[in-house]
Amino acid sequence: MLTLHHLNDSRSQRILWLLEELGTPYEMKRYQRDAATRLAPPELAAIHPLGKSPVITDGDITIAESGAIVDYIIRKYGKGAMMPAPGSAEYEAYNEWLHYSEGSAMLPLMLNLYVSRLKEAGAPLHPRIDSELANHLGYVDRALKDRDFFVGPSLSGADIQMSFVGEMAKVFDKLAPYPNLAAWLTRMHARPAFQRSVEKGGAYRFAK
C-alpha cells in the first residue's frame, strides 16, 4: 500500500489532501518538526537521503518531490480523474502549473521568509523580493480570473500543487491585492476532502 510520510505543517499536507480527494487507500506515518528549530526529525532521512517531506513509498518506489508525487499518484491511482488528457493543450497547461509552483512561484516566498529573519540587515533585499512577489502573485491572480480552477472545469493536480503558494502568500499577508487567488484559496480550503486532510494530518497553521 502507498505510504505518505507526513511532516506536520509542511508541503506534505497537499499530498494528504490529494489522497483524500481521490479516495486512494494509503497509510500515513507521522513526523513532527523540532519545536525549537522547526526542522524535520532525522528519522525522515532513513526514508529519503534529503530528509524532507513530502515523501511517499509505494512498493519499491520512493518519491520525494511534491510535483513528482502529485503526478505519480494521479497517473497511477486517479483512474483518469484530476488531470487533462495527455497530449491535449489543457494537459500542457496543467503540466506547467505542476512545475511552476515549486520551480518559480515559491522562490520569492521563501526568500521573503528567510530575509525577514535578518530584520534590518535584510532590508536592502526586500524591494527586489516584493517586486518578484508582485510579479508572480499577479500572474497567478490573472490566471484565475473568471475561473474556479487552474485548468479545466474541475479540480486537478494543478490546484493541489498550487495550494501551498496561496497558503504561503496568505501567511505573509500578501493576498489582499489578489482577489482571484484569495477567493480560489478559500474555495480549496472549504472542500470536504481538504477538511478531512487537516483532521487526519493534524493542526495545519497554513489553513487558518
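The sections below set out a description of the structure shown in this document. Just so it is clear, the structure is predicted and the values come from calculations on it, not from any experiment.

**Notes on helix H2 (residues 66-77)**
Logical step 1: For H2, with twelve residues, the first-to-last C-alpha span of 16 Å sits near the 16 Å given by 1.5 Å per residue.
Logical step 2: Considered for burial, the residues of H2 that qualify are Ser66, Gly67, Ile69, Val70, Asp71, Tyr72, Ile73 and Ile74.
Logical step 3: Each element contacted by the buried residues of H2 is listed here: helix H1 (12-22), strand S3 (55-58), strand S4 (61-63), helix H3 (89-116) and helix H5 (157-171).
Logical step 4: In the segment just after H2, Lys79 is the residue with positive phi, at about 55°.

**What about the sheet that holds strand S1 (residues 3-7)?**
Hydrogen bonds between backbone atoms are what pair the strands of a sheet, whose relative direction is either parallel or antiparallel.
Logical step 1: Pairing in this open sheet of four strands is mixed, and the strands run S2-S1-S3-S4 from one edge to the other. What marks the edges here is a single partner per strand, and that holds for strand S2 (27-31) and S4. Recorded for the sheet is a direction-independent mean angle of 20° between the axes of neighbouring strands.
Logical step 2: Alignment of S3 against S4, held across three bridges, turns out to be antiparallel. Looking at S4, one finds that Thr57 is bridged to Thr62.
Logical step 3: Where H1 meets the sheet, its contacts fall on S1, S2 and S3, and the angle it forms with S1 comes to roughly 140°.

**Focus on the pairing of S1**
Logical step 1: In terms of burial, S1 is a largely internal element, five of the five residues being buried.
Logical step 2: Neither face of S1 is exposed, since Thr3, His5 and Leu7 on one face and Leu4 and His6 on the opposite face are all buried.
Logical step 3: Two elements, S1 and S2, share five bridges in a ladder whose sense is parallel. Its bridge partner being in S2, His5 is matched across the sheet by Lys29.
Logical step 4: With H1 bridging S1 and the parallel S2, this β-α-β connection has right-handed handedness.
Logical step 5: In the sheet, S1 pairs with S3 via three bridges, with the strands oriented antiparallel. Paired with Leu4 across the bridge in S3 is Ile56.

Each value, and the rule that gives it
Residues numbered from 1 in each chain as written. Predicted model: local features only at pLDDT ≥ 70, side-chain atom pairs only at ≥ 80, totals over all residues. Heavy atoms only, no water. Helix = DSSP H or I, 4+ residues; strand = E, 2+ residues; numbered from the N terminus. Expected span 1.5 Å × (residues − 1). Buried < 20%, exposed > 50% of the residue type's maximum accessible area, 1.4 Å probe, protein only. Contact = heavy atoms within 4.5 Å. Pairing = 2+ DSSP bridges. Axes fitted to C-alpha atoms, helices over the stretch in contact; angles between N-to-C directions. Right-handed = clockwise from strand over helix to strand, strands pointing away.

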